[in-house]
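Chain residues, written in single-letter form:
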Amino acid sequence: AGRLQAIAALEIIDLGCGTGSNLRATAPLLGPRQSWTLVDHDPRLLAAARERLTVWADRAEPREDGLDLKKGDREIAVRFRQADLVQDLDGALGEAPTLVTASALFDLCSTEFIQRFATAVARRRAIFYTVLTYDGVQTWTPAHAADAAMLAAFIAHQKTDKGFGISAGPEAPAAIKAAFEAEGYCVREADTPWRLDEADKSLIADLAQGFANAVAETGRVEDRLIGDWLRVTRTAAVVGHTDTLALPP
């Protein structure tokens, strides 16, 4: 936010935007005039983002290609763009973004894609900020004897091709850092784990089920053991993530 303070009109590209949560979290920290392009491959998510942002804003005026939002003293123009980042990365990034951002995306990408992406961002001399890149830390309370085997299988599942080549998985934060430093960027990182407790019981249960489903697809853990693992009622969980800020020289 400090780096962007002097720029009157911000041009921001949000990749893999989902339902627009990154805009909702970040826009209140930035300047009074912002232009966001929300990019996703799934048109259903773009439609959901439009709905969520309309409810979130103090005022929302629809346009053919997006929304004009008013939130507090901020005016936010939003465009929605359906794009395949592998096939048309340059088109998704546009010509001259001030900031390129993403959430929970790069652990699904290959190291090669991350390098290509960093080069494309550096050509535009844009700031890069990404949040919630999975770092491989995962703990459950109470513990179970199969936790380590389940985690190893989950990471193996993550390191398959999600459409960007063989995924970097928990090695993605290091790959992002190396790729942007190779372009001369100054890179800062922070640990940002999810810490879930008794108040998050429903979310913990959903998280455990999704985790177990991924493990089952690998065939690395017996179904009997997965079922036994799922029968535990968990009261807490930690899922590790890294946030990365990369500033151009």
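Above this text you will find the structure in question.
A short tour of the structure in this document, coming up. The structure displayed is predicted, hence computed values, not measured ones.

Calculation notes
Residues numbered from 1 in each chain as written. Predicted model: local features only at pLDDT ≥ 70, side-chain atom pairs only at ≥ 80, totals over all residues. Heavy atoms only, no water. Buried < 20%, exposed > 50% of the residue type's maximum accessible area, 1.4 Å probe, protein only. Helix = DSSP H or I, 4+ residues; strand = E, 2+ residues; numbered from the N terminus. Pairing = 2+ DSSP bridges. Core = buried A, V, L, I, M, F, W, Y, C linked by side-chain atoms within 4.5 Å. Salt bridge = Lys/Arg side-chain N within 4 Å of Asp/Glu carboxyl O.

The next subject is the pairing of strand 6 (residues 99–103). Buried residues dominate strand 6, accounting for 5 of its 5 residues. Of the two faces of strand 6, both are covered, the one formed by Leu99, Thr101 and Ser103 as well as the one formed by Val100 and Ala102. As paired elements, strand 1 (residues 10–15) and strand 6 share 4 bridges and run parallel to each other. By the bridge assignment, isoleucine 12 is partnered in strand 6 with leucine 99.

Turning next to unusual backbone geometry. With an omega dihedral of 0°, the bond running from threonine 141 to proline 142 counts as a cis peptide bond. Secondary-structure assignment places proline 142 in the loop between strand 7 (127–141) and helix 5 (147–158). Located in the positive-phi region is alanine 104, a residue other than glycine, with phi close to 50°. You can see alanine 104 is positioned in the loop between strand 6 and helix 4 (111–123).

So, about the nonpolar core. Counting 32 residues, the largest nonpolar core has Leu15, Phe106, Phe117 and Phe180 as the members making the most contacts within it. With 7 residues, the single largest contributor to this core is helix 4. Formed by 22 residues, the second largest nonpolar core is a distinct cluster that contains Leu30, Leu69, Phe80 and Ile127.

What follows is about the pattern of salt bridges. Under the definition given, this model contains 13 salt bridges. Of the charged contacts, one joins glutamate 171 and lysine 159 as a salt bridge, the two residues approaching to 2.5 Å between their closest N and O atoms. Placement of the pair is glutamate 171 in the loop between helix 5 and helix 6 (172–182) and lysine 159 in the loop between helix 5 and helix 6, with a sequence separation of 12 residues. According to the relative accessible area criterion, glutamate 171 is partly exposed, its value standing at 47%.

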